[in-house]
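Structural features, examined
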Amino acid sequence: MRRYLTLFILFLTLFACQKDDDSSPVAVVVAACRIQKEMTDDGHSLLYSYDDDGNPTKIESYNPYYMTHVLNVLSNGMSIAEVNKLHPMTFTTYYGVGFLTALPDVALISVTMDSVTQVNWKTYFFHYDFRGRLVRVGEETENVQGDDEWELLITYNEQDNVIKMVYRLTTGTLNVSTVIVVDGHDHHQTPYAGVKGYKFLTLNWDNSDSWPIITALSKNNPTSYRLIVNEVESMKISIEYEYNEQGFPLVRTVANKNEAGQRTYRLTYEYACQ
């Protein structure tokens, strides 16, 4: 799977079904705090902007070692532009519906570089269960030569938290699979609980870091999960949180452990709270 862009830096049920009505409303966002900024200990930061109605309008991603990305929320999609780069690319996602208030069935992604646009560069298909939970993401890249296509399957518990995600190739070497098993969650709202449509504010659902996708789809924050590639556990991730008075994470401390050793890092969050 190719990874052209990761912002925050978006999985399994046998009864998955795609909603017949692509304008089905999503649950109303109710949260005491709305995220304004997040920062890693290496200086990477994300800044969030909203309109007067609390709808997200822009997310700016600053990376001291790479390039800056600016995500602008559109009425039926979003655009992600690279800024400080010699030949910047802009990725435009069209959902066909107002994804802040409805569940999309498809995402059509185009890419523009040097004033040349490739339409249908990547396509995602979304399927939901009877509770409106995203249970399958399908990827097609017919216009990307040599790229293997895949599907993402998602399983939840009764608390609406992701407990398992499975990536399976649908073209190429079909026996390759990646499984993420989530071993626990806390009992607090996630940093993005106050961001409408947050799970669709992503370009790559095959993010090499599973935490953003797990968190975007879960009601509570994951505290540990394991990465299993072809039935071999390759990494274990443990997470601890510090919270503000409203119960939202202020600090996330992550420990990634594999056969090469352990790496620990911290992320901090800032909010505007009611």
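Quick caveat: nothing in here was measured; it's all calculated off a predicted structure.

For the structure on display, the rule yields 9 salt bridges. Between Asp129 and Arg133 there is a salt bridge whose closest N-O contact spans 2.8 Å. Across this residue pair, the class does not change: Asp129 and Arg133 are buried. In this structure, the salt-bridge partner of Glu158 is Arg131, at a minimum N-O distance of 3.5 Å.

What follows is about the pairing of strand E15 (residues 249-258). Pairing of strand E14 (residues 232-243) with E15, which is carried by 8 bridges, proceeds in the antiparallel orientation. Across the sheet, the residue bridging to Glu242 is Val251, located in E15. Linking E14 to E15, which pair antiparallel, is a turn of 5 residues; within it Gly247 sits at a positive phi near 90°. Alignment of E15 against strand E16 (residues 261-273), held across 8 bridges, turns out to be antiparallel.

Counted according to the given criterion, the structure contains 13 aromatic pairs. Here the aromatic rings of Trp150 and Tyr167 are separated by 5.6 Å at their centres, their planes lie at 70°, and the arrangement is edge-to-face. Of this pair, Trp150 sits in strand E10 (residues 150-156) while Tyr167 is found in strand E11 (residues 162-169), placing the two residues 17 residues apart along the sequence. On the basis of relative accessibility, which here comes to 6%, the residue Tyr167 falls in the buried class. Ring geometry for Tyr192 versus Tyr198: centroids 4.1 Å apart, planes at 5°, classification stacked. Using a relative accessible area of 4% as the deciding quantity, one classes Tyr192 as buried. Residue classification places Tyr198 among the buried positions, given a relative accessible area of 7%. Here the aromatic cluster, defined as three or more aromatic residues joined through ring pairs, consists of Tyr95, Phe99, Tyr124, Phe126, Trp150, Tyr167, Phe200 and Trp205. Between Arg34 and the ring centre of Tyr50, over which it is positioned, the NZ or CZ distance is 5.1 Å.

Conventions adopted
Residues numbered from 1 in each chain as written. Predicted model: local features only at pLDDT ≥ 70, side-chain atom pairs only at ≥ 80, totals over all residues. Heavy atoms only, no water. Salt bridge = Lys/Arg side-chain N within 4 Å of Asp/Glu carboxyl O. Buried < 20%, exposed > 50% of the residue type's maximum accessible area, 1.4 Å probe, protein only. Pairing = 2+ DSSP bridges. Helix = DSSP H or I, 4+ residues; strand = E, 2+ residues; numbered from the N terminus. Phe/Tyr/Trp six-rings, centres within 6.5 Å; stacked < 30°, edge-to-face > 60°. Lys NZ or Arg CZ within 6 Å of the ring centre and 35° of its normal.

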